[in-house]
Every structure is written in structure tokens, then in C-alpha cells.
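Close look at the chain arrangement
Read off the chains here:
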There are 2 protein chains.
Amino acid sequence: MLEELAVLVKEKFQVVFKNQTLLEQAFTHSSYVNEHRYLELTDNERLEFLGDAVLELLISQYLYAEFPELPEGKLTKMRAAIVREDSLSKFAKECGFDQYIRLGKGEENSNGRKRPALLCDLFESFLGALYLDQGFDAADNFIHQVIVPKIESGAFSHEMDHKTALQEILQRNGDVAINYQLVSEEGPAHEREFFVEVSVSGDVIGTGTGKSKKNAEQAAAAAAIKKINESSAKH
Amino acid sequence: MLEELAVLVKEKFQVVFKNQTLLEQAFTHSSYVNEHRYLELTDNERLEFLGDAVLELLISQYLYAEFPELPEGKLTKMRAAIVREDSLSKFAKECGFDQYIRLGKGEENSNGRKRPALLCDLFESFLGALYLDQGFDAADNFIHQVIVPKIESGAFSHEMDHKTALQEILQRNGDVAINYQLVSEEGPAHEREFFVEVSVSGDVIGTGTGKSKKNAEQAAAAAAIKKINESSAKH
């Protein structure tokens, strides 16, 4: 079973563990250790402790870099959504990890293999093992294969794009009508620049430029968010 | 003031920031930004978000490596004790950071400079800036100067059992053989009392009694730690 797991990890993620014992340990649940005491195995709980922190930093630095205009509160909210049990257990399943975890009979019979908490721990312990065996960049690579595409496709939030983020911020205190107005287009067709204003109830709250109308709108929304954050910090 | 801070960081921690703006940002509280809007500064909150995760991983990997016998639950408890507000605010003060944070007048007048939550955030934002500017190993170095010595001197040992704590303290300067010896058992079976001596290289460094051998060993280790701390406080 360990061999199949090693093949999966190699084919799916291009990772070959130097220390196969670490990979094995990541997939060993305490219930299995308890039922096979004579094997003197170690369960995956300490790796999970480490992997939890590895994941936290990887996601944090990704969000920090990717969303330069998002305030700390929003970043924290997004991070929490990404690393919560529900999300991680889904990632573990999508990686096919659930097939390889070694469980005790009781845990197996009570459907432990499908339990979100168990799968979440498994995802973290794999990441801990990967970090120990291959280092920080390898763990980052893995995250970029498994989690980042989900973030980019908007699985975690509407905060992804600035327009939706702005909408969310403004609608906190009730519905508002947000209007994006194309003010001008300049330059030749192949190098056109668009200029957009975003307004609420007739008041312009942000402006932006971009190579397309859509990009200019995003930029305008980002500028508006920045202004709002600054003025709300003031009060 | 930024110059003095740069000198402090260089002299105390041998760190010279490539990007001084990051260092400055780490020491800029939102209340200061709000009172000096024309300066268009950025506060330290996003750096704090990042630094929080950097710290979590640094402490986790230290504990993981340093305490190979501790189960996940104990590691989690120790990590929580080390990164909690109370601890981090003390570290920030010991680093002299409290003198350099830029606060708005209101915050200054309400004694914000002494507020544990603010100092804790400051410590994390400094770590975030250090990580961005100098990388993971530099942040690890800093932690080894500021936090690890505290862990090694037993500041968080109440989170461990006394035997593990004693081992940690004694092994700071290399491996030592710690020996627990049951010296006597007294009293009737239902009220038996055990007496244990703990020694290093034949020297008794602590004694303890308890209702079981295990309890007596813990008591002996606790007594030894107390003695060691007292004598190191004297010198």
C-alpha cells in the first residue's frame, strides 16, 4: 500500500520522498498504531502539528502577496476559510489520500475514512512530512498544485475580485447601488487605455485605469476599497 | 527615530534591513497613519498577519525537533503558551521595541505603548517584515535570540511535565544521563508513600515524595528545576 501511495505522490505531484518512513507515518492513524503495537509504529499526530503551521504560513504569504490591497481582517477571514476542516478534508480527498490512510478496525468500521476531521489531519500531516523531507519550497509547490488553483477560481471568496469585495464591503450596512462608468478610452486599438470611475449614489469613490474596461473597473474598485479602509480606520 | 530603531536592530540582532520602509511599516500603528494622512503611510496590520504565521511555524518546528518524545497535545499546549499575547508583549518589551512604535496621540495618551495587545501585534509585524526582507532563516535566527533562550531556561516548562522540563534544561549543554532512583517506600498499601532522588553524574540534584513512584519522580524533577533556577538567579 505504501508503494502505491509513493507512486500516487510521484505521479500526481512529482514528489519522491527521500525518507519513505515519513510518508508512511503521515498516513498512519493512531487507531492503527494501537491495534498493531508490536510493529512499534508512530502515528501522524506530531506531523499534523507541524503541517498545520506549514500550511498557515504558506497560505498567509500567498494571500499577503496576491492581495496587496486587502486589509488584515479580510486576509484573516480568507485564510480561515481556506484552512478550515471542511476545506482541507476536501483537498485530502481530491488528492486521493483517503484511500491510503491506515486505520484501526474500529475506526474503519465507523466510517473514519470519510470523517472530515480525520481527512483534515491527514492533509496536514502529509504537508508536515513533505516539509521535513523536502523543505519549504516543495511544500509551497504542493500548495500551488492543490490549493492555489481553487483560490484563483474563486472557490473561497468573492473577495477574490475587487468588484465583489467592494460590493461586500458597501453592502454590510444594507443594499447600495454601485455604478461603474467608463469615462474615457485613449490610445491606438492595440494599446488602448480605459479610464473608469466607480460611484455610489452619485459620489465617485474610486478611479482606475487598465488595458480593458474590465481591468479598469477592477482597479477602480481596488482604489475605492483602499479609501474606505483608510477612512474607517480613522473613525 | 527610524535611524535609532535601525541601530537597535543592527546592534542587538545583527540585522540590517535592505528595505527600510518595511521596518518602518512594522513600527507604524494605524492610529499614527490616521493622524498623518498626508504622509500616505501604511500601518503594520498586514505585516502582523504574515508575522503571526511565520512565528507559528518557527516555534512549531523548534518544538517538534527539540521534544521528539512529546505528543501532539503537549506540543500544541506549549506552542499556545509561547505565542500568546502575554508572552509576545513581554518579548517586544525586552527587545526595546515599545520605544519605537509610532502611535497617534489618542493611543499614546491612553497608554497604548504599554498595551499588551499592541505590543504583541508589534512583535508579530516586526517578524513579518524581517521574513519579507531577509527570509525564513533570518527570522529563525531572531527567534533563537529572543524566544528560544526563554524556552530553554524553563520559562514555559509549566506546560511540560517536570521530567521533560528538567531533561530540556540539563541537555542544553550536551547530553547528560539523568537518573531517578527509588530510595524508599513507606506506609500501608493503601497509603503508600514513595521517595525518589534524581541525580546527574552521581550528584543528587533533587528529591521528591508522592503516592506513586511516577508522582515522586515528577516531584523530584520539579525540586531540581527549582534549585537550578534559584542558583542561576544568584549568579
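The structure presented is a predicted model; accordingly, all values stated were derived computationally and were not measured.

1. As for the UniProt feature "domain: RNase III" (unreviewed entry) in chain A
In the numbering used here, UniProt assigns the feature "domain: RNase III" (unreviewed entry) to residues 6-135 of chain A. Within the segment residues 6-135 of chain A, helix and strand shares are 68% and 0% respectively, and the terminal C-alpha atoms sit 18 Å apart.

2. Describing the sheet that holds strand E2 (residues 193-200) of chain A
All names here are of chain A. Reading across the sheet, the 3 strands line up as E1-E2-E3 and stay open at both edges, with antiparallel pairing between neighbours. What marks the edges here is a single partner per strand, and that holds for strand E1 (178-186) and strand E3 (203-210). Geometrically, the sheet is characterised by an average inter-axis angle of 20° between neighbouring strands, direction not taken into account. Across 7 bridges, E2 lies against E3 in antiparallel orientation. In the sheet register, Val198 faces E3, and the bridge partner there is Gly206.

3. Re the pairing of E2(A)
Residue and element names in this part refer to chain A. Bridging between E1 and E2 involves 8 bridges; their strand directions are antiparallel. Residue pairing in the sheet places Ser184 in a bridge with Phe195 of E2. In textbook terms, the turn of a hairpin is the stretch between consecutive antiparallel strands, and for E2 and E3 this stretch comprises 2 residues, one of which, Ser201, has a positive phi near 50°.

4. Observations concerning the interface of chain A and chain B
Between chain A and chain B, the residue contacts involve 31 residues of the former and 29 residues of the latter. Taken together, both faces of the contact between chain A and chain B bury some 2600 Å²; the carbon and sulfur share is 62%. Contact with chain B buries area across many residues of chain A, yet A:Arg46, A:Phe49 and A:Tyr64 alone supply 35% of it, more than any other trio. One salt bridge connects B:Asp52 with A:Arg79, and the closest N-O pair in it is separated by 3.5 Å. Put simply, chain A and chain B have 11 residue pairs in polar contact (both at pLDDT 80 or more) between them. For the side of chain A that touches chain B, the secondary-structure elements that each account for two or more residues are helix H4 (45-66), helix H5 (72-83), helix H8 (116-134) and helix H12 (213-234) of chain A. Of the residues in the side of chain A that touches chain B, the class split is 17 nonpolar, 5 polar and 9 charged.

Conventions used here
- Residues numbered from 1 in each chain as written.
- Chains lettered and ligands numbered in written order.
- Predicted model: local features only at pLDDT ≥ 70, side-chain atom pairs only at ≥ 80, totals over all residues.
- Heavy atoms only, no water.
- UniProt positions renumbered as here; feature names shortened; annotations may be inferred.
- Helix = DSSP H or I, 4+ residues; strand = E, 2+ residues; numbered from the N terminus.
- Pairing = 2+ DSSP bridges.
- Axes fitted to C-alpha atoms, helices over the stretch in contact; angles between N-to-C directions.
- Contact = heavy atoms within 4.5 Å.
- Buried area = accessible area lost by both parts, 1.4 Å probe.
- Salt bridge = Lys/Arg side-chain N within 4 Å of Asp/Glu carboxyl O.
- Polar contact = N/O pair within 3.5 Å; in protein donor to acceptor, adjacent residues only side chain to side chain.
- Nonpolar A, V, L, I, M, F, W, Y, C, P; charged D, E, K, R; others polar.

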